[in-house]
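Summary of structural features
Below, each chain spelled out in residue letters.
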Amino acid sequence: MSGLPEGVTYFPACLGRPEQVALLESVRQIVRDAPLFVPVMPRTGKPMQVRMSNCGALGWVTDKQNGYRYQPFHPVTRRAWPAIPERLLALWRAVSDFPHPPEACLINYYADTAKMGLHQDRDEAEFAAPVVSVSIGDDCLFRIGGTQRGGKTQSIRLASGDVIVLGGPSRLRYHGVDRIYPSTSTLLKDGGRINLTLRRVTPAG
Ligand code: MD3
Ligand code: FE
């Protein structure tokens, strides 16, 4: 058994059930204002399997024409993204070890059969800041590799309330979600998994 790579810090069961319920209520409020959209791949226009929304000053979006980017408004409604809930800003302060607040919080919703292929997160201009990931709902099999495609990978089963911080030399590692384990949590009444990633997008300071 080998540990996690340097720069990856895993906090299993970081959020208790009452905190998960409160966070879910915050997410529901956000998606009432900023509805989940279907992200599509640049050039091909192929839809991704997850549905997305964001909160924060900037949100990650993608479409066929303009590709991956951060922008301050929802791609469909054109409205500014809702604010990041205070409980998530507090979590960032507690776990990120970074002296500036996050600017973006990407919300990914995975139905039972959704996956996310291995990719790097490199649309941010500030790689000194970590990405803080919070999972609620059904378990998933998360995979993390090296900084080059095709290297060896390791898998971690993430559960509702787990938090993982990806920073330092691991900030540019390939990662993805291989599968959801349906009905492993009772938090979401219709099942599925929600992942929130807090990010710094612009150079800090
Ligand atoms: C490792 N989301 O939105 S979060 C994404 O569970 C994304 O929805 C996955 O990958 C999800 O981009 C994984 C964990 C995560 C996020 C960023 C990372 C792992 C990372 C950045 C570098 C290395
Ligand atoms: Fe990612």
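Overview of the structure. (Residues numbered from 1 in each chain as written. Chains lettered and ligands numbered in written order. Predicted model: local features only at pLDDT ≥ 70, side-chain atom pairs only at ≥ 80, totals over all residues. Heavy atoms only, no water.)

1. Some words on the side chain of Arg 199
Operational definition: Helix and strand definitions here come from DSSP, where helices need a minimum of 4 consecutive H or I residues and strands a minimum of 2 consecutive E residues; each element is numbered from the N-terminal end. Throughout this description, a polar contact denotes any pair of N or O atoms lying within 3.5 Å of each other; where both atoms belong to protein, one of them has to be capable of donating a hydrogen while the other can accept it, and for residues adjacent in sequence the pair is counted only when both atoms sit in side chains. Here, two residues are considered to be in contact whenever any of their heavy atoms come within 4.5 Å of each other.
If you trace the backbone, Arg 199 turns up in strand E12 (residues 193-199). Among the polar contacts made by the side chain of Arg 199, one reaches the side chain of Glu 124 at a distance of 3.0 Å. Within the structure, the side chain of Arg 199 is placed 3.0 Å from the side chain of Thr 197, a separation counted as a polar contact. Once you skip the residues sitting within four places of it in the chain, Arg 199 turns out to touch Tyr 70, Trp 92, Pro 102, Glu 103, Ala 104, Leu 106, Asp 121, Glu 124 and Val 131.

2. Considerations on the packing of aromatic side chains
For clarity, the threshold we go by: Classification of ring pairs uses Phe, Tyr and Trp, with its six-membered ring standing for Trp, and accepts pairs whose centres are within 6.5 Å; under 30 degrees between planes counts as stacked, over 60 as edge-to-face, and the remaining range as tilted. Any Lys NZ or Arg CZ that is within 6 Å of a ring centre and within 35 degrees of that ring's normal is treated as a charge sitting over the ring.
This model, assessed by the stated rule, comprises 3 aromatic pairs. Relative to Trp 81, the ring of Phe 37 lies with its centre 6.5 Å away and its plane at 40°, an arrangement referred to as tilted. Here Phe 37, found in the loop between helix H1 (17-33) and strand E2 (51-56), pairs with Trp 81, found in the loop between strand E4 (69-71) and helix H2 (86-95); they are 44 residues apart in sequence, far enough to count as distant. Note on Trp 92 and Phe 98: the rings are 6.5 Å apart at their centroids and 80° apart in plane angle, and the pair reads as edge-to-face. The cationic tip of Arg 157 hangs over the ring face of Tyr 181; the distance from NZ or CZ to the ring centre is 3.7 Å. It is Arg 193 that lies over the ring of Tyr 110; its NZ or CZ is 5.0 Å from the centre.

3. Remarks on the coordination of the iron ion (ligand 2)
Filter applied, for reference: Counted as donors are the N, O and S atoms within 2.8 Å of the metal, or 3.2 Å for Na, K and Ca, while water is not among the atoms, so some sites may look incomplete. A 1.4 Å probe rolled over the protein chains alone gives each residue an accessible area, and that area as a share of the maximum for its type sets the label: buried under 20%, exposed over 50%, partly exposed in between.
Around the iron ion (ligand 2), the protein supplies His 119 (NE2), Asp 121 (OD) and His 175 (NE2) as donor atoms, at distances of 2.0 to 2.2 Å. When its relative accessible area of 21% is taken as the criterion, His 119 is described as partly exposed.

4. Notes on the pairing of strand E7 (residues 131-137)
Going by this rule: Strands qualify as paired when DSSP identifies two bridges or more between them.
Taking burial as the measure, the 7 residues of E7 include 7 buried ones, the bulk of the element. The sheet contact formed by E7 and strand E10 (residues 163-166) spans 4 bridges and is antiparallel. Across the sheet, residue Val 131 finds its bridge partner in E10, namely Leu 166. Bridge analysis of E7 against E12 gives 6 bridges, and the strand direction is antiparallel. Residue Val 132 lies in a different strand from E12, and its bridge partner there is Leu 198.

5. A look at the site of ligand 1
Cut-off, in case you're wondering: The nearness test applies per residue and asks whether one of its heavy atoms lies within 4 Å of the molecule or strand. Per-residue and other accessible areas were derived by the Shrake-Rupley procedure at a 1.4 Å probe size, with only the shown protein chains allowed to occlude residues. Polar here means any residue outside two lists: the nonpolar Ala, Val, Leu, Ile, Met, Phe, Trp, Tyr, Cys and Pro, and the charged Asp, Glu, Lys and Arg; Gly therefore counts as polar.
Neighbouring ligand 1 are 19 residues; Asn 108, Tyr 110, Arg 171, His 175 and Arg 193 lie closest to it. Between an oxygen atom of ligand 1 and a side-chain N or O atom of Arg 199, the distance comes to 3.1 Å. Coverage of ligand 1 by the protein amounts to 98% of the 500 Å² it exposes when considered alone. Mapped by element, the contributors of at least two residues to the shell around ligand 1 are strand E5 (104-110), strand E6 (116-119), E7, strand E11 (175-181) and E12. Top contributing element to the shell around ligand 1 by residue count: E12, with 4 residues. Taken together, the residues of the shell around ligand 1 break down into 7 nonpolar, 7 polar and 5 charged.

6. Section: the sheet that holds E11
Put simply, the rule is: Note on geometry: axes are lines fitted to C-alpha atoms, helical ones only across the stretch in contact, with angles between N-to-C directions running from 0 to 180 degrees.
Taken in spatial order, the 4 strands line up as E6-E11-E8-E9 in an open sheet, and their pairing is antiparallel. Sheet topology places E6 and strand E9 (154-158) at the edges, where each strand pairs with a single neighbour. The average undirected angle you get between the axes of adjacent strands in this sheet is 20°.

Take it as geometry only, folks, not as evidence of what the structure does.
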